[in-house]
Amino acid sequence: TLNWGAGGPKAWPGVKPYFTPEDEQDHLGFRIFDWYSAISQEVIGKPLPIILLGTGVPSSPNIRSEANPVTPAETNFLIANLLVGEYEENPERDISHPVPSQVLAGCFKMLASAEEGNASTWFNLDGTPLPSAERLQAWTAARKASRVKKGINICESKTPNGKKPIKHYLLLPRFKWGIEVWYLEVSQAFIKKYAPTVGFSMREAFLAETVTIVGEKNTFPDMLTTELEKAGVQVYRITGSGTEIATKLSNI
């Protein structure tokens, strides 16, 4: 799964070299950057920039099964979405942990090969794309068209002077079925008091100096708070019933 080993050795203290207990998870997966970051944090006191090599899964066979309900093309598409932060934040699809800002890029496996039948390639020998390449090509074209239409560019996490572009971000839940207006209602006094940027994107939260998260752990995982703090963000987390949330927000 894409969340396998999320949190690194701090989250899975029972893992030892060449030994992973049944109830633990190791570094052998997409989240290997959490483990490398933990090492650099321990040795030099800060996480280092990371470029992932050989990420993704083989492009074929591109079929679903009871044991593997997500096809390789869909998995590679989710990884690409994770790397740029443009994914549906849905824990049910195993993508509830955002990629930290120190991960600069992810390089997928071979795009082409003279070796016929190589499952790691994204293109056939005649140049026709396999499902992973087709999905990513369509997605890339849609993103470019959207940016041109709206006249916007994807912003960086910091401005040229080193400051984050958003002062305060109020992160509210977004569910599979849509947005719950109730969260906006209980946040009204807070919004009037602080005039924060209000949104529903974990990616946008990394662009802020301060983030107030409203939502339970099943909506925003603990790892989000950890990664935001690593990125230099001051984080406040609000949970509870409607009255409790309103009270806690007014006391910040």
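Counting restarts for each chain: residues are numbered from 1 in the order of the written sequence. The model is predicted, so local features are restricted to residues of pLDDT at least 70 and side-chain atom pairs to those at 80 or more, both for listing and for counting; the totals for chains, interfaces and linings are taken over all residues. Heavy atoms throughout the structure, all of them, feed into the side-chain values; hydrogens and water do not.

> Looking at this structure, how should I read unusual backbone geometry?
Trans peptide bonds make up most of the peptide bonds, and negative phi angles are found at most residues other than glycine. The phi dihedral of Y18 falls on the positive side, at around 65 degrees, and the residue is not glycine. Along the chain, the position of Y18 falls in the loop between helix 1 (8-11) and helix 2 (32-44). According to the relative accessible area criterion, Y18 is exposed, its value standing at 89%. Positioned with a positive phi, A195 is a non-glycine residue whose angle comes to about 50 degrees. Helix numbers and strand numbers start at the N terminus; a helix is a DSSP run of H or I with at least 4 residues, a strand a run of E with at least 2. Residue exposure (1.4 Å probe, protein chains only): buried if accessible area is under 20% of the type maximum, exposed if over 50%, otherwise partly exposed.

> How do you make sense of the pattern of salt bridges when you look at a structure like this?
Note on pairing: side chains with opposite charge can pair once their charged atoms come close. Salt-bridge detection follows one rule: a side-chain nitrogen of Lys or Arg within 4 Å of a carboxyl oxygen of Asp or Glu. The full count for this structure, using the stated rule, is two salt bridges. With a closest N to O distance of 2.9 Å, R31 and D34 form a salt bridge. Between K167 and E209 there is a salt bridge whose closest N-O contact spans 3.2 Å. Residue K167 is located in strand 3 (residues 166-171), and its partner E209 is located in strand 5 (residues 208-214); the two are separated by 42 residues in the primary sequence. Note on E209: relative accessible area 29%, which makes it partly exposed.

> Can you walk me through the nonpolar core in this structure?
Soluble globular proteins: nonpolar side chains tend toward being buried together. We define a nonpolar core as any set of buried Ala, Val, Leu, Ile, Met, Phe, Trp, Tyr and Cys residues linked to one another through side-chain atoms lying within 4.5 Å. Residues Y169, L171, V211, I213, L224 and L228 are the most contacted members of the largest nonpolar core, which totals 16 residues. Sequence-distant contacts of L171, that is, excluding residues within four places in its chain, are made with G199, F200, S201, M202, A205, V211, T212, I213, V214, F220 and L224. Every residue pair with non-hydrogen atoms within 4.5 Å of one another is taken to be in contact.

> Hey, could you run me through the sheet that holds strand 4 (residues 197-199) in this one?
The strands that make up a sheet are held in pairs by hydrogen bonds between backbone atoms, and each pair lies either parallel or antiparallel. A pair of strands counts as paired when DSSP detects no fewer than two bridges linking them. One open sheet accounts for four strands, arranged 4-3-5-6; its pairing is parallel. Since the sheet does not close on itself, it has two edges, and those belong to strand 4 and strand 6 (234-238), each with one partner. The average angle at which neighbouring strand axes cross in this sheet is 20 degrees, direction not considered. As judged from the five bridges shared by strand 3 and strand 5, these two strands associate in the parallel manner. If you follow L170 over to strand 5, its bridge partner there is T212. Helix axes are fitted to C-alpha atoms over the stretch in contact, other axes to C-alpha atoms as well, and angles between N-to-C directions run from 0 to 180 degrees. Lying over the sheet, helix 8 (residues 222-230) contacts strand 3, strand 5 and strand 6, oriented at roughly 160 degrees with respect to strand 6.

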